Amino acid sequence: MKLTKRAIDAIRPDDSDLVHWDDELRGFGLRVKPSGAKSFLIQYRNRQGRSRRLTVGNYGRLTPEEARREARRLLSDVARGLDPAEQRHQERHAITVADLCSEYLAKAEAGLVIGRKGLPKKASTLEIDRGRIARHILPLLGKKPIKDLTSADIKRFLEAVMSGKTTATVKTKPRGLARVTGGPTAAVRAVGLVGGMLTYAKEAGYIERNPAHGIRKPAGKRRSFRLAPEGYRALGERLEAAERRGEHWQAIAGIRLLALTGCRRSEILNLKWSEVDFKGSCLRLGDTKTGASLRPLPEPAHAILAHLKRDGDHVFPGVSRTDNSYASVFPKAWQRIVGSDYSPHGLRHAYASAAHELGLGELTIKALLGHARLGVTSGYIVTADSLVLSAAEEVWP
């Protein structure tokens, strides 16, 4: 029979499911359940010869003619080699951006996501990733299936974070707050993380292309900071005043080493005696932002370290039994001694500026600062230590 409204209304339920096939469109039918519920369906064989059934819609929500048109469209897809039932299954179980974030973080925590220099991501980097995911990515993209993401979606995400759409004040600890402000820098880094996760998704076979590739991003503001000679004199005077009032020796010596070496704050405050090579006049850092790194130790920095008393593994031990190093106490000490005119990282920029003003080349400055080197050839160089040390002595003669 032809499935019409009159014919369907006349059908009565039975003790089991019944299927009434349409005479006009082959493969189109009506299922009637014992409860009396009626729904339209199609039945077909996919390319592998497997018989499949797919519900088109419920009678009442769809008229017979509407259901027939939809069934004709679906059966046309079958004729072209598609499998509508499989497509619907994939859509219902499509991995979302939120699912991808969870999987990505789990794999990264297990050391299965490779970051800089072919190494697993560090715990500190993962903590930053979690913040960007929670504060920017999930609110704006979390519910979207990754297979449906387009370059336009990534562009809108970039613009939303830039404009401050994700601005919020987030409670982090019992007494801690994080102020999420958005802006160009936050947007660029959030898009960078999205792009990295989508690269992982592509490698895992979830998507065929990365829609974040090719997105034009605002140029980051290149940070630079120069501390004039009088600025260094003022820093020295503040350190001397701090000594007189009894500030921790760890803070005073640590600040001096930051100024003399251009090292990152974490590299100095978490420094271990096993990483100090007095004979080679260098620091052999085992775990930095860019992996293992060698830093020259100019004579003034060498002298500071040589006069420190060894008390455990760390050069700058903590002031309480629960802290291995002085790192957790340092920020408040910095504020008391230096203030807020510039940050510890500002000393690193100032060091680079001083090296540049002395005419040192970019690659030499990169070596002094421990930046990731360009090119494969640097991996073969084993005689550059003395040259870099000479450059460090130039910065602090």
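The coordinates are above.
Residues numbered from 1 in each chain as written. Predicted model: local features only at pLDDT ≥ 70, side-chain atom pairs only at ≥ 80, totals over all residues. Heavy atoms only, no water.

Caption draft 1: Molecular detail of the overall build of the protein. Secondary structure summary: the protein contains 15 helices and 9 strands in total. Across the 397 residues of the protein, 42% fall into the buried class. Once local pairs closer than 6 in sequence are excluded, the contacts in the protein between residues at least 24 apart make up 57%. Total accessible area computed for the protein in this model is approximately 23200 Å², and 50% of it derives from carbon and sulfur atoms. (Helix = DSSP H or I, 4+ residues; strand = E, 2+ residues; numbered from the N terminus. Buried < 20%, exposed > 50% of the residue type's maximum accessible area, 1.4 Å probe, protein only. Contact = heavy atoms within 4.5 Å. Areas by Shrake-Rupley, 256 points an atom, 1.4 Å probe, with all protein chains shown as cover.)

Caption draft 2: Quick look at the sheet that holds strand 3 (residues 38–45). Taken in spatial order, the 4 strands of this open sheet run 1-2-3-4, and their pairing is antiparallel. This sheet does not close on itself; its edge strands, each paired only once, are strand 1 (18–21) and strand 4 (51–58). Geometrically, the sheet is characterised by an average inter-axis angle of 35 degrees between neighbouring strands, direction not taken into account. Of the pairings in the sheet, the one linking strand 2 (residues 28–32) to strand 3 comprises 5 bridges and is antiparallel in character. Paired with Val32 across the two strands is Lys38, which belongs to strand 3. Relative to strand 4, helix 3 (residues 84–92) is tilted by about 65 degrees, and along the sheet it contacts strand 3 and strand 4. (Pairing = 2+ DSSP bridges. Axes fitted to C-alpha atoms, helices over the stretch in contact; angles between N-to-C directions.)

Caption draft 3: Looking closely at the pairing of strand 1. Here strand 1 runs beside strand 2; their pairing, made up of 4 bridges, is antiparallel. Bridge assignment links Val19 to a residue of strand 2, and that residue is Arg31.

Caption draft 4: Representation of the pattern of salt bridges. Throughout the structure, instances matching the rule amount to 24 salt bridges. Among the salt bridges present, the one from Asp277 reaches Arg284, with a minimum N-O distance of 2.9 Å. One connected set of salt bridges, linked through shared partners, spans Lys2, Asp22, Glu24, Glu65, Arg68 and Arg72. (Salt bridge = Lys/Arg side-chain N within 4 Å of Asp/Glu carboxyl O.)

Spatial relationships are all this shows, so hold off on functional conclusions.
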